[in-house]
Amino acid sequence: MWDCITDFFVYETTKSVVVKSWTIGIINRLAQLLIITYFVGWVFLYEKAYQVRDTSIESSVMTKVKGFGEYNNRIMDTADYVTPTQGASVFCIITKLITTEKQTQGRCPETDNKSICIHNANCTESKPASNGLMTGRCVEFNSSKKTCEIKGWCPAEIDDDAAKDLMMEVENFTIFIKNSIRFPRFNFTKGNFLPSINSSYMKKCKFDFQRNMYCPIFKVGDVIRFAQQNFTTLADKGGVIGIKIAWLCDLDKADDECKPTYSFTRLDAMSEKSSVSPGYNFRYAKYFKMENGTEYRTLLKAYAIRFDVLVNGDAGQFNMIPTLINMVAAFTSVGVGTVLCDIILLHFLKGADLYKAKKFEEVSDSTIEESYSLYRSRDHSQLSIKPDEKFSTDSGAFSMGQYS
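Residues numbered from 1 in each chain as written. Predicted model: local features only at pLDDT ≥ 70, side-chain atom pairs only at ≥ 80, totals over all residues. Heavy atoms only, no water.

Caption draft 1: Region of interest: the overall build of the protein. Assigned secondary structure in the protein consists of 11 helices and 17 strands. Counting only residues that meet the buried cut, the protein has 36% of its 404 residues in that class. Considering only contacts in the protein between residues 6 or more positions apart, those separated by 24 or more positions represent 69%. Counting every atom, the protein has about 25600 Å² of accessible surface; 54% of that belongs to carbon and sulfur. (Helix = DSSP H or I, 4+ residues; strand = E, 2+ residues; numbered from the N terminus. Buried < 20%, exposed > 50% of the residue type's maximum accessible area, 1.4 Å probe, protein only. Contact = heavy atoms within 4.5 Å. Areas by Shrake-Rupley, 256 points an atom, 1.4 Å probe, with all protein chains shown as cover.)

Structural data, given as structure tokens:
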């Protein structure tokens, strides 16, 4: 118990030992050089750790699609094939339609093959995927089969034989994207209309990565190609394409240097690989009234290419606080080289036991008293020093040559 108490009340102080060894000296300098190179090259120059950053970008996106197409002998304009209405950052361009006309409220046989029945007992439970509510009756669908009767919009939709026609003109439609952003931390605002863009340029430019990287008008076929997709396959089943706008701005430079970069990808890649529900489609209806007041509708199942405009950003500007913090971290990390060299010196080099003896020395009160008594007995002469030791002239550090 007494040993534990005495071991607790101890004090450690640094003792400098100068080791004149080429091996440990080279390792020490290499470690320091690597640490300094990391902080200068990666932390300060590449990561720009001297800047304070803002990633909470505020963004506004407005879109507009232009183009005319022909589908089922009808000329289609933006009001026909774009949904929801123009202007949103998420919009769809319809490429294929399955139309069920003149539906009215009533009772009719279900068309789904899952509703084939033999007697009324097969038609007691309504299914979420059905076209209406089950009435509990098994009725004749045609001369070869019976299906459950439903109550809802009749006649029921038939979409087993999907339409073959595609509106191929979609590939030449154009998408206009107007994007404005703001970094609130720096109160910095910017738009994708660069100073070099004017009305005459807008009339003839189309985005491409070589000549018109900052043109805000995109050809649909080019966007699909940039996303590494096939237009015909995508138009047939539908899909979701992401148009990504990235604002990576160094606000220590001129404002004109802050420019958007565009990238394109397919967002529903898992849907593409699935055979259960591939692609993208949705239903909507147009409602009408007969002269007698009876309501009827035209149901449309639309296969479409959905475009999601996604905006992200990261802005940085010089600030003294992160600069000082990272400089202190850099200077502190240089000491890691000393730790590495100590491990090698005390455990792996030849003469490690001698290095340990020189680096660690235990001094107790009794040792001090014995040394003081010896000092008094020798008439204040200097304490004895071992022959193989010598004191250097700088701050009393031991200087040792390498032992072979």
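Caption draft 2: Up close: helix α9 (residues 336-347). Look at α9: 17 Å from first C-alpha to last across 12 residues, which is about the 16 Å you get at 1.5 Å a residue. Three or more residues of α9 are buried, namely Gly-337, Cys-341, Ile-344, Leu-345 and Leu-346. The inward-facing, buried residues of α9 contact β1 (17-20), α2 (22-46), α8 (320-334) and α10 (352-359). (Expected span 1.5 Å × (residues − 1).)

Caption draft 3: How the structure looks around α10. All of the buried residues along α10 are Ala-352, Tyr-355 and Lys-358. Across the axial projection of α10, the buried residues extend over an arc of 120 degrees, all falling on one side. (Arc of directions from axis to C-beta.)

Caption draft 4: Geometry of the state of the cysteines. Scanning the entire structure with this criterion turns up five disulfides. Disulfide partner of Cys-205: Cys-215, at an S-S distance of 2.0 Å. Negative torsions about the S-S bond denote left-handed disulfides, and the value of about 65 degrees found for Cys-205 with Cys-215 makes this one right-handed. Residue Cys-205 is found in the loop between α4 (199-204) and β12 (217-219), and its partner Cys-215 is found in the loop between α4 and β12; the two are separated by 10 residues along the sequence. Taken individually, Cys-205 and Cys-215 each receive the classification buried, so the pair is uniform in this respect. There is a disulfide in this structure between Cys-249 and Cys-258, and the S-S distance comes to 1.8 Å. Between Cys-249 and Cys-258, the S-S dihedral sits near 45 degrees, and the bridge is therefore right-handed. (Disulfide = S-S within 2.5 Å.)

Caption draft 5: Structural detail: the packing of aromatic side chains. One pass over the structure, following the stated rule, counts 20 aromatic pairs. Ring geometry for Phe-207 and Phe-226: centres 6.0 Å apart, planes at 80 degrees, overall edge-to-face. Of this pair, Phe-207 sits in the loop between α4 and β12 while Phe-226 sits in helix α5 (residues 220-226); the two residues are 19 residues apart in sequence, bridging distant segments of the chain. Relative to Phe-264, the ring of Phe-207 lies with its centre 5.8 Å away and its plane at 65 degrees, an arrangement referred to as edge-to-face. Separated by 57 residues along the polypeptide, Phe-207 in the loop between α4 and β12 and Phe-264 in strand β14 (residues 260-266) bring together distant segments of the chain. Residue Phe-264 is classed as buried on the basis of its relative accessible area of 11%. In this structure an aromatic cluster arises from ring pairing among Phe-207, Phe-209, Phe-218, Phe-226, Tyr-262 and Phe-264. The ring of Tyr-303 carries Lys-96 above its face, with NZ or CZ at 4.4 Å from the centroid. (Phe/Tyr/Trp six-rings, centres within 6.5 Å; stacked < 30°, edge-to-face > 60°. Lys NZ or Arg CZ within 6 Å of the ring centre and 35° of its normal.)

Caption draft 6: Inspection of the packing of α2 against α8 at higher detail. The geometry of α2 relative to α8 is characterised by a closest axis approach of 9 Å and an angle of 160 degrees between their N-to-C directions. When the axes of α2 and α8 are compared, the pair comes out roughly antiparallel. Our pair here, α2 against α8, has a crossing hand that is right-handed. Of the residues in α8, those touching α2 at Gln-32, Ile-35, Ile-36, Phe-39, Val-43 and Phe-44 are Thr-323, Asn-326, Met-327, Ala-329, Ala-330, Ser-333 and Val-334. Split by residue class, the contact of α2 with α8 holds nine nonpolar, four polar and no charged. (Axes fitted to C-alpha atoms, helices over the stretch in contact; angles between N-to-C directions. Parallel < 35°, antiparallel > 145°, perpendicular 65-115°, else oblique. Left-handed = near helix turned anticlockwise from the far one by under 90°. Nonpolar A, V, L, I, M, F, W, Y, C, P; charged D, E, K, R; others polar.)

Caption draft 7: Molecular detail of the side chain of Asp-54. Along the polypeptide, Asp-54 turns up in strand β2 (residues 51-54). A distance of 2.9 Å separates a polar side-chain atom of Asp-54 from the backbone nitrogen of Arg-185. Non-local contacts of Asp-54, meaning those with residues more than four positions away in its chain, are made with Phe-183, Pro-184, Arg-185, Phe-186, Gly-313, Asp-314 and Ala-315. (Polar contact = N/O pair within 3.5 Å; in protein donor to acceptor, adjacent residues only side chain to side chain.)

Caption draft 8: Inspection of the pairing of strand β16 (residues 295-318) at higher detail. Note: β2 against β16, four bridges, orientation antiparallel. Paired with Arg-53 across the bridge in β16 is Gly-316. Here strand β7 (residues 90-109) runs beside β16; their pairing, made up of 11 bridges, is antiparallel. Within β16, the position partnered with Val-90 by the bridge is Asp-308. Of the strand pairs in this sheet, strand β13 (residues 239-250) and β16 are connected by 12 bridges, and their pairing is parallel. (Pairing = 2+ DSSP bridges.)

Caption draft 9: Layout of the nonpolar core. Membership of the largest hydrophobic core comes to 50 residues, with the highest contact counts inside it found for Tyr-81, Ile-93, Phe-183, Phe-264 and Phe-307. Elements represented by at least two residues in this core include exactly β3 (58-66), β7, β10 (174-183), α5, α6 (231-237), β13, β14 and β16. Take this core: its biggest share by element is seven residues, from β16. Apart from residues no more than four positions distant in its own chain, Phe-264 is found in contact with Phe-207, Phe-209, Phe-218, Val-223, Phe-226, Ala-227, Gly-242 and Ile-243. (Core = buried A, V, L, I, M, F, W, Y, C linked by side-chain atoms within 4.5 Å.)

Caption draft 10: Expanded view of the confidence of the model for the protein. Summary statistics for the protein give a mean pLDDT of 84 and a share of 89% for residues scoring 70 or more. Scored below 50 in pLDDT, residues 381-399 shows 23 contacts in the model against residues more than four places distant or in partner chains. (pLDDT = per-residue confidence, 0-100.)

Caption draft 11: View of unusual backbone geometry. Residue Pro-84 follows Thr-83 across a cis peptide bond; omega there is -5 degrees. Of note, Pro-84 is situated in the loop between β6 (82-83) and β7. The peptide bond linking Cys-154 to Pro-155 adopts the cis configuration, its omega dihedral lying at 0 degrees. Of note, Pro-155 is situated in the loop between β9 (146-154) and β10. Unlike most non-glycine residues, Lys-48 shows phi in positive territory, near 50 degrees. With respect to the secondary-structure elements, Lys-48 resides in the loop between α2 and β2. Judged by relative accessible area, which is 23%, Lys-48 ranks as partly exposed. Not every positive phi belongs to a glycine, and Asn-72 is a case in point at roughly 55 degrees. Structurally, the position occupied by Asn-72 is in the loop between β4 (69-71) and β5 (74-76).

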